[in-house]
Amino acid sequence: MFADAGQAPPPVRAIDPTLFRQVGRLVARVHQEEGVRLPPDAALDEQADAYNALITRAEDPADPAELEALLPWLEARLRRRLQTAAAEPGTGKRPAS
């Protein structure tokens, strides 16, 4: 299909529903603890972004133990981003794509 294998898109990975829910609970808890309320669509966007960050960070995204071990890193990342946004009003919003 592709003459150069380097041009082929990366394989699509199925979302692990259990991990996705776990990340969603973590996102909701951190936002609540930091006093940030999100509308449902924004909460789903945050959950998807956090899930993708977790998968990208993992050396082996298919290893459930590694992904679970990275959850504290993800929590710290979320918390730091929210605290930075609160300390610097106007910078917490994402730029339009």
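Summary of the structure given here. Source: prediction; values computed, not measured.

As enumerated under the stated definition, the model contains six salt bridges in all. Residue Arg29 is joined to Glu33 by a salt bridge in which the shortest nitrogen-to-oxygen separation is 3.5 Å. Of the two residues, Arg29 and Glu33 both sit in helix 1 (residues 17–33), four residues apart, roughly one turn of that helix. Between Glu46 and Arg81 there is a salt bridge; the shortest N-O distance is 2.4 Å. Here Glu46, found in helix 2 (residues 40–57), pairs with Arg81, found in helix 4 (residues 71–87); they are 35 residues apart in sequence, far enough to count as distant. With a relative accessible area of 35%, Arg81 lands in the partly exposed category. Connected through shared salt-bridge partners, Arg29, Glu33, Glu34, Glu75 and Arg79 make up one network.

Another aspect to go through is the packing of aromatic side chains. One pass over the structure, following the stated rule, counts one aromatic pair. Ring geometry for Phe20 versus Tyr51: centroids 5.4 Å apart, planes at 70 degrees, classification edge-to-face. With Phe20 in helix 1 and Tyr51 in helix 2, this residue pair connects regions lying 31 residues apart in the sequence.

Bringing the packing of helix 1 against helix 2 into the picture now. Their axes nearest at 9 Å, the elements helix 1 and helix 2 cross at an angle of 120 degrees. Between helix 1 and helix 2 lies a crossing whose hand is right-handed. Each of Leu19, Phe20, Arg21, Val23, Gly24, Val27 and His31 in helix 1 lies in contact with helix 2, whose residues at this interface are Glu46, Gln47, Ala48, Ala50, Tyr51, Leu54 and Ile55. Along the lines of polarity and charge, the residues of the contact of helix 1 with helix 2 split into nine nonpolar, three polar and two charged.

So, about the packing of helix 1 against helix 4. Running from amino to carboxyl end, helix 1 crosses helix 4 at an angle of 35 degrees, the nearest separation of the two axes being 10 Å. Handedness of the crossing formed by helix 1 with helix 4: right-handed. Between helix 1 and helix 4, the contacting residues are Gln22, Val23, Leu26, Val27, Arg29, Val30, His31 and Glu33 on the first element and Leu71, Leu74, Glu75, Leu78, Arg79 and Leu82 on the second. Residue classes in the contact of helix 1 with helix 4 are distributed as eight nonpolar, two polar and four charged.

Moving on: the side chain of Gln47. Tracing the backbone through its elements, the reader meets Gln47 in helix 2. A polar contact of 2.7 Å, which involves the side chain of Gln47, links it to the backbone oxygen of Phe20.

Conventions adopted
- Along every chain, residues carry numbers that run from 1 in the direction the sequence is written.
- Whole-chain, interface and lining totals are the exception, using all residues; otherwise, since this is a predicted model, local features are given only for residues with pLDDT of at least 70 and side-chain atom pairs are given and counted only at 80 or more.
- To obtain the side-chain values, all non-hydrogen atoms of the structure were used and water was disregarded.
- Whenever a carboxyl oxygen of Asp or Glu lies within 4 Å of a side-chain nitrogen of Lys or Arg, that contact is scored as a salt bridge.
- Helix numbering and strand numbering both begin at the N terminus, where a helix is a DSSP run of H or I of at least 4 residues and a strand a DSSP run of E of at least 2.
- Note on exposure labels: buried denotes an accessible area under 20% of the residue type's maximum, exposed denotes more than 50%, and partly exposed covers the range between, all computed with a 1.4 Å probe on protein chains only.
- Note on ring pairs: Phe, Tyr and Trp rings are taken, using the six-membered ring of Trp, and paired if centres are within 6.5 Å. Classes follow the plane angle, with under 30 degrees stacked, over 60 edge-to-face and the rest tilted.
- Under this scheme, a helix contributes an axis fitted over its contacting stretch, all axes are lines through C-alpha atoms, and angles between N-to-C directions fall in the 0 to 180 degree range.
- By the definition used in this description, the sense in which the near helix is turned from the far one sets the handedness, with an anticlockwise turn below a right angle giving left-handed and a clockwise turn giving right-handed.
- Residue contacts are counted whenever heavy atoms from the two residues lie within 4.5 Å of one another.
- Gly falls in the polar group here, along with every residue not listed as nonpolar (Ala, Val, Leu, Ile, Met, Phe, Trp, Tyr, Cys, Pro) or charged (Asp, Glu, Lys, Arg).
- Pairs of N or O atoms within 3.5 Å make up the polar contacts considered here, provided that, within protein, one atom can donate a hydrogen while the other can accept it, and that residues adjacent in sequence are counted only when both atoms are side-chain atoms.

These figures capture arrangement, not role.
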